[in-house]
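Listed here are the chains, written in short residue letters.
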Amino acid sequence: MTYIAKKCGVCFEPPSIILIYTEASKDKTRQRIMPVRNFSMFSDCSMAAEQLKNNSRHKAYLEGVSLCQLQKLYSLLRGHLRGESLAESLEKFRQEKNIDPEEDMNKLDDRELDKRKRIMDELFEKNRKKKDDPDFIYDIEVEFPKDEQLESCSWDVESGEEI
């Protein structure tokens, strides 16, 4: 049987993920409550979301739900366990998904760096123009104005030192 996910949400008491879905063969709307067990304020949301999505009992129901949405729901649940309000948890999730261009990524540990790279890859894929897109143009030529004064950069200026 195939299930079509309509809505997905989180319940704080008792901690659970709630899915509103319909079966492909029927028009009846149903609700599935998936309890969240062994999850604390220190748990990894992405790992918990992957485990739920790959759980044999819930796998067929969660095919239409993205992993990112499940991570967000687990993040909201973790924020609730930490005593944060819903607005604070949502803001914290948005900050985790955004990349600060001024941040020095050389100072990040491997795990945080991989997280930032995944976010950049997702953003690239979302904004990428594919051949099948209606506004795709194969060869774009752009002429830049030559009247403006070019800015010089310190790394661009040749120094007296030879390498």
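Just above sits the structure.
A brief look at the structure comes next. (Residues numbered from 1 in each chain as written. Predicted model: local features only at pLDDT ≥ 70, side-chain atom pairs only at ≥ 80, totals over all residues. Heavy atoms only, no water.)

### Observations regarding the pairing of strand S3 (residues 29-35)
Applied cut-off: In this description, strands pair whenever DSSP reports at least two bridges between them. Strands are runs of DSSP state E lasting at least 2 residues, helices are runs of H or I lasting at least 4, and numbering of each runs from the N terminus.
Bridge count for strand S2 (residues 16-23) against S3 is seven bridges, and the pairing is antiparallel. Residue pairing for S3: Thr22 is matched across the bridge by Thr29. Hairpin connection of S2 to S3: five residues between the antiparallel strands.

### Re the pattern of salt bridges
What counts is decided by this rule: By convention in these notes, a salt bridge is any Lys or Arg side-chain nitrogen within 4 Å of a carboxyl oxygen on Asp or Glu.
For the coordinates displayed, the defined rule picks out nine salt bridges. With its nearest N and O atoms 3.2 Å apart, the salt bridge here joins Asp44 to Arg111. Here Asp44, found in the loop between S3 and helix H1 (45-54), pairs with Arg111, found in helix H4 (residues 110-127); they are 67 residues apart in sequence, far enough to count as distant. Here Arg116 ties to Glu112 by a salt bridge, and the two come within 2.7 Å at their closest N and O atoms. Of this pair, Arg116 and Glu112 both sit in helix H4, four residues apart, which is roughly one turn of that helix.

### Structural notes on the nonpolar core
Inclusion rule: As used in this record, nonpolar core signifies buried Ala, Val, Leu, Ile, Met, Phe, Trp, Tyr and Cys residues forming a set joined through side-chain atoms within 4.5 Å. For every residue, the accessible area (1.4 Å probe, protein chains only) is compared with the maximum for its type, and the residue is labelled buried under 20%, exposed over 50%, or partly exposed between those bounds.
Core analysis: the largest hydrophobic core is formed by 19 residues, its most contacted members being Ile17, Leu19, Leu70 and Tyr74. If you list the elements that add at least two residues to this core, you get strand S1 (3-11), S2, H1 and helix H2 (67-81).

### Brief notes about empty space enclosed by the protein
Put simply, the test is: The way it works is a 1 Å grid over only the protein atoms, where trapped points that fit a 1.4 Å probe form a cavity and open points with protein on both sides within 12 Å along at least five of seven lines form a pocket, and then any residue with an atom within 4 Å of a point lines it. Grid points are joined across faces, edges and corners, and a volume is the space filled by probe spheres set on the points. Each residue is assigned to one class: nonpolar for Ala, Val, Leu, Ile, Met, Phe, Trp, Tyr, Cys and Pro, charged for Asp, Glu, Lys and Arg, and polar for all the others, Gly among them.
What the rule picks out here adds up to one cavity of 30 Å³ or more. Quantified by volume, the largest cavity comes out at close to 40 Å³. In this structure, the largest cavity is lined by Ser75, Arg78, Gly79, Arg82, Glu84, Ser89, Lys92 and Glu96. Mapped onto the lining of the largest cavity, the elements with two or more residues apiece are H2 and helix H3 (86-97). Taken together, the residues that form the lining of the largest cavity break down as no nonpolar, three polar and five charged.

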